[in-house]
Amino acid sequence: MIIGKEAMSVTVKSFFLLSLLVLVQPSTSISFGPDARVTVIVENELQGGQDLLMHCVSADDDLGVKLIHPNTSYQWKFHINVFGKTLYHCGFKWASVLHKFVIYETRRDHSLCHICSWVIKEDGPCLVFDEKSDCYSWNSLEER
């Protein structure tokens, strides 16, 4: 069977649209659509009453520099992108110390929390959930 250029164009477009619909359909284990809303909370628990400067960015968003006073927090909300690859990189500064950390990564965090509550301490950030916490080391400043 020979298909004309116009019919082939319609067939390719239909296939593309169908593929796109299948791609964005939520799976049973992970949902990346408009319902996949995440809240990230970052609390300053540095010793000695130090202020914390935080600057977080994703591929789609730059939160700007935020000043978080001792024992207070800053939060933001976002939707996971349709590809399920949302990443927020943050820089944290206090006194003369500068650290960085990926505060949200869909692959790591999506199954753990939709409200991701982080506590920032000198030795690293801790994700607090279900009355327990997972603490991480700071990322090297040389890492990408």
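What you see is a predicted model; the values in this text were computed from it and never measured.

With respect to the side chain of S58
At step 1: Its location among the elements puts S58 in the loop between β2 (52-57) and β3 (62-68).
At step 2: Residue classification places S58 among the buried positions, given a relative accessible area of 17%.
At step 3: Beyond its immediate chain neighbours, meaning those up to four positions away, S58 contacts L87 and Y88.

A word on the pairing of strand β1 (residues 37-44)
At step 1: Here β1 lies mainly inside the structure; 6 of its 8 residues are buried.
At step 2: Bridge count for β1 against strand β4 (residues 73-79) is 7 bridges, and the pairing is antiparallel. Residue pairing for β4: E43 is matched across the bridge by S73.
At step 3: Two strands pair when backbone bridges link them, and β1 and strand β7 (residues 115-121) are joined in this way by 6 bridges, in the parallel orientation.

As for the sheet that holds β1
Consider a sheet: its strands pair through backbone hydrogen bonds, and that pairing is either parallel or antiparallel.
At step 1: The strand order across the open sheet formed by 5 strands is β4-β1-β7-β8-β9, and the pairing between neighbours is mixed. The sheet terminates laterally at β4 and β9 (132-135), the two strands that pair on one side only. Neighbouring strand axes in the sheet, compared pairwise and without regard to direction, differ in orientation by 25 degrees on average.

A few points about the packing of aromatic side chains
At step 1: Taken as a whole and assessed by the stated rule, the structure comprises 9 aromatic pairs.
At step 2: Look at F78 and Y104: their rings are 5.2 Å apart centre to centre, the planes differ by 70 degrees, and that puts the pair in the edge-to-face class. Here the residue F78 occupies a position in strand β4, and Y104 occupies one in strand β6 (residues 97-105), the gap between them amounting to 26 residues. In this structure, F78 and Y104 share a single accessibility class: buried.

Quick word on the pattern of salt bridges
Proximity of charged atoms lets side chains of opposite charge pair with each other.
At step 1: Taken as a whole and judged by the stated rule, the model has 2 salt bridges.
At step 2: Residues E105 and R107 are paired through a salt bridge, measuring 2.8 Å at the closest nitrogen-oxygen approach.
At step 3: By relative accessible area, R107 is classed as exposed at 72%.
At step 4: As a salt-bridge pair, R108 and D109 come within 2.7 Å of each other at their nearest N and O atoms.

Some points on the nonpolar core
At step 1: Grouped together as the largest cluster of nonpolar side chains are 26 residues, with contacts concentrated most on V40, V42, W76, F92, I103 and Y104.
At step 2: For this core, the secondary-structure elements that each account for two or more residues are β1, β2, β3, β4, β5 (87-94), β6, β7 and β8 (124-129).
At step 3: When residues of this core are assigned to their parent elements, the largest contribution, 4 residues, is made by β5.
At step 4: Beyond its immediate sequence surroundings of up to four residues, V40 is in contact with Y74, Q75, W76, F78, I103, Y104, C116 and W118.

Comments concerning the environment of A95
At step 1: Within the secondary structure, A95 is located in the loop between β5 and β6.
At step 2: Along the sequence, A95 and L53 sit 42 residues apart, while their C-alpha atoms lie 9.6 Å from each other.

Cut-offs applied
- Residues numbered from 1 in each chain as written.
- Predicted model: local features only at pLDDT ≥ 70, side-chain atom pairs only at ≥ 80, totals over all residues.
- Heavy atoms only, no water.
- Helix = DSSP H or I, 4+ residues; strand = E, 2+ residues; numbered from the N terminus.
- Buried < 20%, exposed > 50% of the residue type's maximum accessible area, 1.4 Å probe, protein only.
- Contact = heavy atoms within 4.5 Å.
- Pairing = 2+ DSSP bridges.
- Axes fitted to C-alpha atoms, helices over the stretch in contact; angles between N-to-C directions.
- Phe/Tyr/Trp six-rings, centres within 6.5 Å; stacked < 30°, edge-to-face > 60°.
- Salt bridge = Lys/Arg side-chain N within 4 Å of Asp/Glu carboxyl O.
- Core = buried A, V, L, I, M, F, W, Y, C linked by side-chain atoms within 4.5 Å.

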